[in-house]
Amino acid sequence: MDTDVQLAGRREALGRWLTARLPACERVSIARIGRTGGLSHEILDVDARWEDAGRVIERGLIVRLDPVAYRKRQRSNLRREFDAQSVLYTRGDVPVPEPLWFEDDTEVLGAAFYVMERVAGQAATDQPPYQSSGWLAELPGHDRAQIWRSAVTIMARIHGVPAGAMAALGQAGSAEDDFQAHVAN
């Protein structure tokens, strides 16, 4: 399917879906939709707009779709990813975008997906690999060092979250189950 045609169809479908998610709001629309980087998931970058009690709301959203054509894992990890991000967001000590909605109905966009807020910034890309080319590789050494230190600090915060806070994630199956399924195939 042609990329522009596919994006137009997804724009319409996402607009209908968002209208159903915001029943108290009026004139819900997707002003813009585009693809952005992502190796493990297809990612859509969306500008949404709606009216809530006469007030115009414009919000940048990111839609992360479950991989369909190429999957690194035997089973989807999308729900656990959304739930983990929700826990981290709620705790407030790890900077993550606000997770908004999860949708497991594959009829909406062709795959399960979740929607989160879009935050300002520049993401490192997977293609080409950020370690060897692109804006991050081209930064001066001291700037790259600061980015890596920040990344390690954030990883330490994530690892400092008590296991009990993430207990619900195990209900969807464990990472060990995913690994065993992968090795078995």
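Residues numbered from 1 in each chain as written. Predicted model: local features only at pLDDT ≥ 70, side-chain atom pairs only at ≥ 80, totals over all residues. Heavy atoms only, no water.

Colleague: Report on the environment of Ala124, specifying residues and quantitative values.
Modeller: The topology assignment puts Ala124 in the loop between β5 (113-117) and α3 (135-138). A relative accessible area of 37% means that Ala124 is categorised as partly exposed. Each C-alpha atom, one on Ala124 and one on Leu136, is 6.6 Å from the other, the two residues being 12 residues apart in sequence. Once residues within four sequence positions are removed from consideration, Ala124 is found in contact with Tyr130, Trp135 and Leu136. (Helix = DSSP H or I, 4+ residues; strand = E, 2+ residues; numbered from the N terminus. Buried < 20%, exposed > 50% of the residue type's maximum accessible area, 1.4 Å probe, protein only. Contact = heavy atoms within 4.5 Å.)

Colleague: Please give an account of the packing of aromatic side chains that cites residues and values.
Modeller: By the definition in use, this model includes 5 aromatic pairs. Plain terms: the ring middles of Trp17 and Trp101 are 5.8 Å apart, the flat faces sit at 85° to each other, and that makes the pair edge-to-face. One end of the pair, Trp17, is in helix α1 (residues 3-21); the other, Trp101, is in strand β4 (residues 99-103), with 84 residues separating them in the sequence. Considered together, Trp17 and Trp101 belong to a single accessibility category, that of buried residues. Taking the centre distance of 5.0 Å and the plane angle of 65° together, the rings of Trp17 and Phe113 count as edge-to-face. Taken as a pair, Trp17 in helix α1 and Phe113 in strand β5 lie far apart in primary sequence, 96 residues in all. In this structure, Trp17 and Phe113 share a single accessibility class: buried. Following the ring pairs from residue to residue traces out a cluster consisting of Trp17, Trp101 and Phe113. In this structure, Arg79 is placed above the aromatic ring of Phe102, and the distance from its NZ or CZ to the ring centre is 4.4 Å. (Phe/Tyr/Trp six-rings, centres within 6.5 Å; stacked < 30°, edge-to-face > 60°. Lys NZ or Arg CZ within 6 Å of the ring centre and 35° of its normal.)

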